[in-house]
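A look at the structure
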Amino acid sequence: MPIRNRFAEMLPEIMEWRQHLHRNPEILYEVHQTAAFVAEKLREFGVDEVVEGIGRTGVVGVIRGKGEGTRAIGLRADMDALPIHEETGLDYASEVPGKMHACGHDGHTSMLLGAAKYLAETRNFDGSVVLIFQPAEEGGAGADAMLRDGLMERFGIDEVYGMHNAPGVPIGSIVTRPGPLQASADEFEIVVTGLGGHAAEPHKAIDTTLVAAQIVVTLHTVVSRSVDPLHSVVLTVGTFQTDSGASNIIPQTARMRGTVRCLDPADREMMEARVRRVVEDTASAFGAKAELAWEYGYPVTVNDAEATEWAVEAARAVANEVADDVDPIMPSEDFSYMLNARPGAYLFIGNGDSAMCHHPKYNFNDEAIPYGCSFFAEIVERRLPAR
Ligand SMILES: [Zn+2]
Ligand SMILES: [Zn+2]
(Lines give C-alpha, C1' and ligand atoms only; values in the text may rest on other atoms or scores of the structure.)
(Ligands and ions follow the chains in the order given, each with its own letter.)
Protein backbone atom coordinates (compact mmCIF):
# COMPACT_ATOMS: atom_id res chain seq x y z
CA MET A 1 0.00 0.00 0.00
CA PRO A 2 1.44 3.39 -0.98
CA ILE A 3 0.17 5.29 2.10
CA ARG A 4 2.69 6.24 4.72
CA ASN A 5 2.93 3.60 7.44
CA ARG A 6 2.99 6.20 10.20
CA PHE A 7 -0.59 7.13 9.33
CA ALA A 8 -1.72 3.50 9.46
CA GLU A 9 -0.28 3.44 13.01
CA MET A 10 -1.98 6.72 13.90
CA LEU A 11 -5.35 5.72 12.43
CA PRO A 12 -7.07 4.61 15.69
CA GLU A 13 -6.12 7.91 17.35
CA ILE A 14 -7.26 10.00 14.36
CA MET A 15 -10.54 8.04 14.26
CA GLU A 16 -11.09 8.96 17.92
CA TRP A 17 -10.73 12.66 17.05
CA ARG A 18 -13.05 12.23 14.07
CA GLN A 19 -15.72 10.48 16.12
CA HIS A 20 -15.44 13.05 18.90
CA LEU A 21 -16.02 15.81 16.33
CA HIS A 22 -18.86 13.81 14.80
CA ARG A 23 -20.64 13.59 18.18
CA ASN A 24 -20.30 17.34 18.70
CA PRO A 25 -21.29 19.14 15.48
CA GLU A 26 -21.35 22.93 15.36
CA ILE A 27 -22.54 25.04 12.47
CA LEU A 28 -21.38 28.16 10.61
CA TYR A 29 -19.19 30.46 12.72
CA GLU A 30 -20.31 28.88 16.00
CA VAL A 31 -17.57 26.25 15.88
CA HIS A 32 -16.19 27.30 19.29
CA GLN A 33 -15.68 23.84 20.81
CA THR A 34 -14.34 22.45 17.54
CA ALA A 35 -11.84 25.31 17.20
CA ALA A 36 -10.76 24.89 20.84
CA PHE A 37 -10.28 21.14 20.26
CA VAL A 38 -8.17 21.81 17.14
CA ALA A 39 -6.04 24.47 18.89
CA GLU A 40 -5.46 22.18 21.88
CA LYS A 41 -4.35 19.31 19.63
CA LEU A 42 -2.00 21.56 17.64
CA ARG A 43 -0.34 22.77 20.89
CA GLU A 44 -0.07 19.18 22.11
CA PHE A 45 1.73 18.23 18.84
CA GLY A 46 4.29 21.00 19.38
CA VAL A 47 3.14 23.14 16.44
CA ASP A 48 5.28 26.33 16.56
CA GLU A 49 2.53 28.90 16.38
CA VAL A 50 -1.20 28.51 17.04
CA VAL A 51 -3.46 31.49 16.36
CA GLU A 52 -7.17 31.43 17.13
CA GLY A 53 -9.91 33.82 16.07
CA ILE A 54 -8.91 34.35 12.43
CA GLY A 55 -12.09 34.79 10.40
CA ARG A 56 -13.98 34.91 13.74
CA THR A 57 -13.55 31.26 14.76
CA GLY A 58 -10.87 29.98 12.38
CA VAL A 59 -7.63 28.47 13.70
CA VAL A 60 -4.19 28.67 12.09
CA GLY A 61 -1.16 26.58 13.03
CA VAL A 62 2.38 27.08 11.71
CA ILE A 63 5.01 24.32 11.64
CA ARG A 64 8.53 25.36 10.66
CA GLY A 65 10.69 22.84 8.85
CA LYS A 66 14.37 22.02 9.32
CA GLY A 67 15.90 24.53 6.89
CA GLU A 68 16.02 28.30 6.66
CA GLY A 69 13.55 28.44 3.75
CA THR A 70 10.94 31.18 3.73
CA ARG A 71 8.36 29.60 1.46
CA ALA A 72 5.05 28.51 3.00
CA ILE A 73 2.44 25.97 1.92
CA GLY A 74 -1.15 26.38 3.18
CA LEU A 75 -3.23 23.26 3.86
CA ARG A 76 -6.90 23.84 4.53
CA ALA A 77 -9.71 21.94 6.26
CA ASP A 78 -13.25 23.06 7.05
CA MET A 79 -14.72 22.49 10.54
CA ASP A 80 -18.46 23.24 10.31
CA ALA A 81 -21.45 20.88 10.31
CA LEU A 82 -24.98 21.24 8.90
CA PRO A 83 -28.47 21.90 10.28
CA ILE A 84 -29.64 18.33 9.54
CA HIS A 85 -31.01 15.78 12.01
CA GLU A 86 -28.77 12.70 11.88
CA GLU A 87 -30.33 9.33 10.99
CA THR A 88 -27.24 7.11 10.77
CA GLY A 89 -27.85 5.21 14.02
CA LEU A 90 -24.06 5.19 14.62
CA ASP A 91 -22.86 4.73 18.19
CA TYR A 92 -20.96 8.01 17.78
CA ALA A 93 -23.89 9.81 16.12
CA SER A 94 -24.51 13.51 16.74
CA GLU A 95 -25.44 14.39 20.31
CA VAL A 96 -26.91 17.70 19.17
CA PRO A 97 -30.47 17.40 17.83
CA GLY A 98 -30.87 19.04 14.42
CA LYS A 99 -27.13 19.32 13.74
CA MET A 100 -24.86 16.83 12.07
CA HIS A 101 -21.55 16.42 10.25
CA ALA A 102 -23.31 15.48 7.00
CA CYS A 103 -20.59 16.82 4.69
CA GLY A 104 -17.59 15.06 6.25
CA HIS A 105 -15.87 18.19 7.56
CA ASP A 106 -15.21 16.17 10.75
CA GLY A 107 -13.09 13.91 8.51
CA HIS A 108 -11.36 16.82 6.77
CA THR A 109 -10.42 18.40 10.12
CA SER A 110 -9.16 15.07 11.48
CA MET A 111 -7.05 14.35 8.39
CA LEU A 112 -5.38 17.75 8.64
CA LEU A 113 -4.78 17.22 12.37
CA GLY A 114 -3.19 13.84 11.57
CA ALA A 115 -0.94 15.45 8.98
CA ALA A 116 -0.08 18.23 11.49
CA LYS A 117 1.00 15.71 14.11
CA TYR A 118 3.21 13.90 11.58
CA LEU A 119 4.74 17.07 10.14
CA ALA A 120 5.47 18.43 13.64
CA GLU A 121 7.20 15.12 14.50
CA THR A 122 9.26 14.78 11.33
CA ARG A 123 9.81 18.37 10.02
CA ASN A 124 11.36 16.86 6.94
CA PHE A 125 10.88 20.01 4.85
CA ASP A 126 12.45 23.44 4.34
CA GLY A 127 10.02 26.32 4.92
CA SER A 128 6.69 26.50 6.74
CA VAL A 129 3.42 24.65 6.69
CA VAL A 130 0.40 26.77 7.50
CA LEU A 131 -2.51 24.66 8.77
CA ILE A 132 -5.79 26.42 8.04
CA PHE A 133 -8.94 25.30 9.91
CA GLN A 134 -11.86 27.38 8.72
CA PRO A 135 -15.41 27.93 9.99
CA ALA A 136 -18.60 28.40 7.96
CA GLU A 137 -17.89 26.64 4.67
CA GLU A 138 -21.60 25.78 4.43
CA GLY A 139 -23.00 29.11 3.25
CA GLY A 140 -21.10 31.49 5.52
CA ALA A 141 -18.00 32.16 3.38
CA GLY A 142 -15.65 31.37 6.27
CA ALA A 143 -12.71 31.14 3.86
CA ASP A 144 -13.36 34.72 2.76
CA ALA A 145 -13.59 35.83 6.41
CA MET A 146 -10.14 34.34 7.07
CA LEU A 147 -8.73 36.08 3.96
CA ARG A 148 -10.19 39.41 5.14
CA ASP A 149 -8.32 38.88 8.39
CA GLY A 150 -5.10 38.80 6.35
CA LEU A 151 -4.54 35.03 6.32
CA MET A 152 -2.32 34.91 3.22
CA GLU A 153 -0.15 37.97 4.02
CA ARG A 154 0.18 37.39 7.74
CA PHE A 155 1.47 33.83 7.32
CA GLY A 156 3.27 34.43 4.01
CA ILE A 157 1.39 31.65 2.22
CA ASP A 158 2.63 30.94 -1.34
CA GLU A 159 0.39 28.00 -2.36
CA VAL A 160 -2.78 26.40 -0.92
CA TYR A 161 -4.19 22.90 -1.10
CA GLY A 162 -7.38 21.37 0.22
CA MET A 163 -9.55 18.32 -0.31
CA HIS A 164 -13.15 17.18 0.03
CA ASN A 165 -14.45 13.65 0.43
CA ALA A 166 -16.38 12.26 -2.53
CA PRO A 167 -19.14 9.66 -2.03
CA GLY A 168 -19.17 7.19 -4.93
CA VAL A 169 -15.41 7.50 -5.55
CA PRO A 170 -13.54 4.41 -4.29
CA ILE A 171 -11.54 4.55 -1.05
CA GLY A 172 -7.88 5.19 -1.87
CA SER A 173 -8.71 7.23 -4.99
CA ILE A 174 -7.98 10.93 -5.43
CA VAL A 175 -9.49 12.84 -8.36
CA THR A 176 -9.24 16.42 -9.58
CA ARG A 177 -8.71 18.54 -12.69
CA PRO A 178 -6.90 21.74 -13.69
CA GLY A 179 -9.12 24.79 -14.26
CA PRO A 180 -12.74 25.05 -13.09
CA LEU A 181 -13.66 22.25 -10.65
CA GLN A 182 -16.79 23.59 -8.93
CA ALA A 183 -19.32 26.22 -9.93
CA SER A 184 -19.94 29.69 -8.58
CA ALA A 185 -23.19 30.17 -6.63
CA ASP A 186 -25.00 33.50 -7.04
CA GLU A 187 -28.49 34.22 -5.73
CA PHE A 188 -31.26 36.50 -6.83
CA GLU A 189 -34.59 37.75 -5.58
CA ILE A 190 -37.32 39.19 -7.82
CA VAL A 191 -40.23 41.23 -6.51
CA VAL A 192 -43.01 41.80 -9.05
CA THR A 193 -45.62 44.44 -8.35
CA GLY A 194 -48.81 44.45 -10.46
CA LEU A 195 -52.19 45.80 -9.51
CA GLY A 196 -54.19 43.63 -7.16
CA GLY A 197 -57.92 43.20 -7.58
CA HIS A 198 -60.89 40.89 -8.01
CA ALA A 199 -60.17 37.61 -9.78
CA ALA A 200 -63.36 38.00 -11.83
CA GLU A 201 -62.33 41.43 -13.13
CA PRO A 202 -58.78 40.96 -14.46
CA HIS A 203 -59.20 43.81 -16.95
CA LYS A 204 -59.26 46.25 -14.02
CA ALA A 205 -56.11 44.74 -12.48
CA ILE A 206 -52.58 43.84 -13.57
CA ASP A 207 -52.24 40.13 -12.90
CA THR A 208 -49.06 39.85 -10.87
CA THR A 209 -49.14 36.03 -10.92
CA LEU A 210 -49.23 35.92 -14.71
CA VAL A 211 -46.41 38.47 -15.03
CA ALA A 212 -44.26 36.56 -12.53
CA ALA A 213 -44.98 33.25 -14.29
CA GLN A 214 -44.00 34.84 -17.61
CA ILE A 215 -40.75 36.01 -16.03
CA VAL A 216 -39.96 32.47 -14.80
CA VAL A 217 -40.58 31.00 -18.25
CA THR A 218 -38.55 33.68 -20.02
CA LEU A 219 -35.67 33.32 -17.52
CA HIS A 220 -35.33 29.74 -18.72
CA THR A 221 -34.44 31.02 -22.18
CA VAL A 222 -31.36 32.82 -20.83
CA VAL A 223 -29.23 29.69 -20.39
CA SER A 224 -30.38 28.11 -23.65
CA ARG A 225 -30.13 31.28 -25.80
CA SER A 226 -27.53 33.57 -24.21
CA VAL A 227 -24.88 31.19 -22.89
CA ASP A 228 -22.26 29.59 -25.13
CA PRO A 229 -23.56 26.02 -25.58
CA LEU A 230 -20.11 24.71 -24.62
CA HIS A 231 -20.28 26.42 -21.20
CA SER A 232 -22.15 24.98 -18.21
CA VAL A 233 -24.63 27.29 -16.48
CA VAL A 234 -27.59 26.39 -14.28
CA LEU A 235 -30.46 28.74 -13.42
CA THR A 236 -33.13 27.57 -10.98
CA VAL A 237 -36.08 29.52 -9.56
CA GLY A 238 -36.53 27.85 -6.18
CA THR A 239 -39.37 29.83 -4.57
CA PHE A 240 -42.50 31.53 -5.92
CA GLN A 241 -44.89 33.25 -3.54
CA THR A 242 -47.68 35.78 -4.04
CA ASP A 243 -49.42 37.82 -1.37
CA SER A 244 -52.85 36.51 -2.39
CA GLY A 245 -54.51 34.42 0.28
CA ALA A 246 -57.47 33.19 -1.77
CA SER A 247 -58.42 31.92 -5.21
CA ASN A 248 -60.58 34.97 -5.94
CA ILE A 249 -57.85 37.55 -5.40
CA ILE A 250 -55.36 38.84 -7.96
CA PRO A 251 -52.28 39.52 -5.84
CA GLN A 252 -50.47 42.80 -5.59
CA THR A 253 -46.96 41.34 -5.31
CA ALA A 254 -45.09 38.16 -6.15
CA ARG A 255 -41.68 37.21 -4.82
CA MET A 256 -39.28 34.66 -6.32
CA ARG A 257 -35.83 33.51 -5.28
CA GLY A 258 -33.34 31.52 -7.31
CA THR A 259 -29.74 30.55 -7.89
CA VAL A 260 -27.32 30.75 -10.82
CA ARG A 261 -24.30 28.44 -11.11
CA CYS A 262 -21.46 29.00 -13.59
CA LEU A 263 -18.11 27.37 -14.36
CA ASP A 264 -16.70 30.39 -16.20
CA PRO A 265 -16.27 33.54 -14.08
CA ALA A 266 -17.10 35.70 -17.14
CA ASP A 267 -20.55 34.12 -17.44
CA ARG A 268 -21.58 35.41 -14.01
CA GLU A 269 -21.85 39.09 -14.99
CA MET A 270 -23.45 38.22 -18.30
CA MET A 271 -26.10 36.20 -16.41
CA GLU A 272 -26.84 39.08 -14.05
CA ALA A 273 -27.24 41.50 -16.96
CA ARG A 274 -29.48 39.17 -18.99
CA VAL A 275 -31.64 38.20 -15.98
CA ARG A 276 -32.10 41.89 -15.11
CA ARG A 277 -33.19 42.68 -18.66
CA VAL A 278 -35.71 39.81 -18.74
CA VAL A 279 -37.14 40.69 -15.33
CA GLU A 280 -37.55 44.42 -15.96
CA ASP A 281 -38.63 44.31 -19.58
CA THR A 282 -41.10 41.43 -19.16
CA ALA A 283 -42.78 43.26 -16.27
CA SER A 284 -42.86 46.47 -18.25
CA ALA A 285 -44.55 44.75 -21.22
CA PHE A 286 -47.50 44.00 -18.91
CA GLY A 287 -47.52 47.40 -17.22
CA ALA A 288 -46.14 45.90 -14.01
CA LYS A 289 -42.92 46.65 -12.13
CA ALA A 290 -40.23 44.22 -11.13
CA GLU A 291 -37.10 44.64 -9.05
CA LEU A 292 -34.13 42.33 -9.08
CA ALA A 293 -31.70 41.96 -6.19
CA TRP A 294 -28.57 40.03 -7.14
CA GLU A 295 -26.11 38.65 -4.63
CA TYR A 296 -22.76 37.33 -5.76
CA GLY A 297 -21.87 34.27 -3.66
CA TYR A 298 -19.02 31.77 -3.78
CA PRO A 299 -16.76 32.18 -6.83
CA VAL A 300 -15.90 29.44 -9.32
CA THR A 301 -13.37 27.02 -7.78
CA VAL A 302 -10.48 27.24 -10.24
CA ASN A 303 -7.46 24.98 -9.83
CA ASP A 304 -4.13 26.46 -10.93
CA ALA A 305 -2.75 24.34 -13.79
CA GLU A 306 0.79 23.95 -12.40
CA ALA A 307 -0.30 23.45 -8.79
CA THR A 308 -2.74 20.77 -9.98
CA GLU A 309 0.14 18.95 -11.68
CA TRP A 310 2.16 19.06 -8.44
CA ALA A 311 -0.85 17.87 -6.45
CA VAL A 312 -1.52 15.04 -8.89
CA GLU A 313 2.11 13.89 -8.67
CA ALA A 314 1.90 13.91 -4.87
CA ALA A 315 -1.43 12.05 -4.99
CA ARG A 316 0.06 9.41 -7.31
CA ALA A 317 2.73 8.72 -4.69
CA VAL A 318 0.17 7.92 -1.96
CA ALA A 319 -3.15 6.91 -3.54
CA ASN A 320 -4.25 3.68 -5.22
CA GLU A 321 -5.78 5.48 -8.15
CA VAL A 322 -5.59 9.09 -9.33
CA ALA A 323 -7.53 10.89 -12.07
CA ASP A 324 -6.51 14.35 -13.27
CA ASP A 325 -9.43 14.88 -15.66
CA VAL A 326 -12.57 14.44 -13.56
CA ASP A 327 -15.70 16.34 -14.70
CA PRO A 328 -16.43 19.61 -12.86
CA ILE A 329 -19.47 19.65 -10.54
CA MET A 330 -22.10 22.37 -10.06
CA PRO A 331 -22.23 22.57 -6.21
CA SER A 332 -19.99 25.39 -5.00
CA GLU A 333 -17.13 25.48 -2.50
CA ASP A 334 -15.69 28.41 -0.58
CA PHE A 335 -12.08 27.20 -0.92
CA SER A 336 -12.59 29.09 -4.22
CA TYR A 337 -11.82 32.33 -2.35
CA MET A 338 -8.44 30.95 -1.27
CA LEU A 339 -7.70 29.74 -4.82
CA ASN A 340 -8.47 33.25 -6.09
CA ALA A 341 -5.91 34.61 -3.60
CA ARG A 342 -3.09 32.11 -4.20
CA PRO A 343 -2.25 29.35 -6.72
CA GLY A 344 -3.25 25.93 -5.50
CA ALA A 345 -5.53 22.97 -6.05
CA TYR A 346 -8.60 21.32 -4.60
CA LEU A 347 -8.97 17.54 -4.78
CA PHE A 348 -11.68 14.97 -4.14
CA ILE A 349 -10.78 11.97 -1.99
CA GLY A 350 -12.84 8.79 -2.32
CA ASN A 351 -15.42 8.15 0.41
CA GLY A 352 -16.42 4.76 -1.04
CA ASP A 353 -19.99 3.63 -1.46
CA SER A 354 -21.70 6.02 0.99
CA ALA A 355 -24.84 8.16 1.12
CA MET A 356 -24.37 11.49 -0.62
CA CYS A 357 -23.17 14.58 1.25
CA HIS A 358 -25.96 16.53 3.06
CA HIS A 359 -28.05 13.35 3.48
CA PRO A 360 -29.15 12.42 7.06
CA LYS A 361 -27.58 8.96 6.61
CA TYR A 362 -24.24 10.23 5.25
CA ASN A 363 -21.04 9.40 7.14
CA PHE A 364 -17.39 10.19 6.48
CA ASN A 365 -15.44 6.98 5.82
CA ASP A 366 -12.51 6.62 8.25
CA GLU A 367 -10.70 4.35 5.76
CA ALA A 368 -9.98 7.49 3.71
CA ILE A 369 -7.97 9.05 6.55
CA PRO A 370 -4.52 7.53 5.86
CA TYR A 371 -4.74 8.58 2.19
CA GLY A 372 -5.72 12.15 3.03
CA CYS A 373 -3.02 12.52 5.69
CA SER A 374 -0.42 11.00 3.36
CA PHE A 375 -1.36 13.41 0.58
CA PHE A 376 -0.93 16.43 2.86
CA ALA A 377 2.49 15.18 4.06
CA GLU A 378 3.58 14.34 0.52
CA ILE A 379 2.66 17.68 -1.05
CA VAL A 380 4.53 19.55 1.71
CA GLU A 381 7.70 17.46 1.38
CA ARG A 382 7.63 17.76 -2.42
CA ARG A 383 6.94 21.49 -2.60
CA LEU A 384 9.32 22.38 0.25
CA PRO A 385 12.12 19.81 -0.24
CA ALA A 386 14.55 19.53 2.66
CA ARG A 387 18.09 20.40 1.60
ZN1 LIG B 1 -21.50 20.52 2.21
ZN1 LIG C 1 -18.41 20.03 2.42
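Our subject is the structure listed above.
These notes cover the structure that comes with them. Residue positions are counted from 1 within each chain, in the order its sequence is given. Whichever chain is written first is A, and whichever ligand is written first is 1; the rest continue in order. Side-chain atom pairs in this predicted model are given and counted only at pLDDT of 80 or more, local residue features only at pLDDT of at least 70, and totals for whole chains, interfaces and linings cover all residues.

**Looking at the overall build of the protein chain**
Helix and strand counts for the protein chain stand at 10 helices and 16 strands. C-alpha extents for the protein chain along the principal axes are approximately 80 × 45 × 35 Å. Counting only residues that meet the buried cut, the protein chain has 49% of its 387 residues in that class. At a minimum sequence separation of 6, the contacts of the protein chain that also span at least 24 residues come to 80%. Secondary structure is summarised from DSSP: a helix means a run of H or I of at least four residues, a strand means a run of E of at least two, and numbering begins at the N terminus for each. Around each residue's C-beta, the other C-beta atoms within 10 Å are counted; 20 or more make the residue buried, 12 or fewer make it exposed, and counts in between make it partly exposed. All C-beta atoms are placed from the backbone. Contacts are defined on C-beta atoms placed from the backbone: any two residues whose C-beta positions lie within 7 Å are in contact.

**Considering the sheet that holds strand β2 (residues 58-64)**
Pairing is mixed across the open sheet formed by eight strands, whose spatial order is β1-β2-β4-β3-β5-β16-β6-β15. Both edges of this open sheet fall to β1 (49-54) and β15 (321-323), since each of them pairs with a single strand only. If you compare each strand with its neighbour and ignore which way they point, the axes differ by 20 degrees on average. Bridging between strand β3 (residues 72-78) and strand β5 (residues 159-166) involves four bridges; their strand directions are parallel. From the neighbouring strand, Leu75 faces β5, where its bridge partner is Tyr161. Where helix α2 (residues 32-44) meets the sheet, its contacts fall on β1, β2 and β4 (128-134), and the angle it forms with β1 comes to roughly 170 degrees. For helices, the fitted line uses only the C-alpha atoms of the stretch in contact; every axis is such a line through C-alpha atoms, and the angle between N-to-C directions lies from 0 to 180 degrees. Packing of helix α8 (residues 305-318) onto the sheet brings it into contact with β5, β6 (173-175), β15 and β16 (344-350), and relative to β16 it is tilted by some 35 degrees. One requirement defines pairing of two strands: DSSP has to find at least two bridges between them.

**Concerning unusual backbone geometry**
One non-glycine residue with positive phi stands out, namely Leu28, at about 50 degrees. Within the secondary structure, Leu28 is located in the loop between α1 (5-23) and α2. Overall, Leu28 belongs to the partly exposed group, with 18 C-beta atoms counted inside 10 Å.

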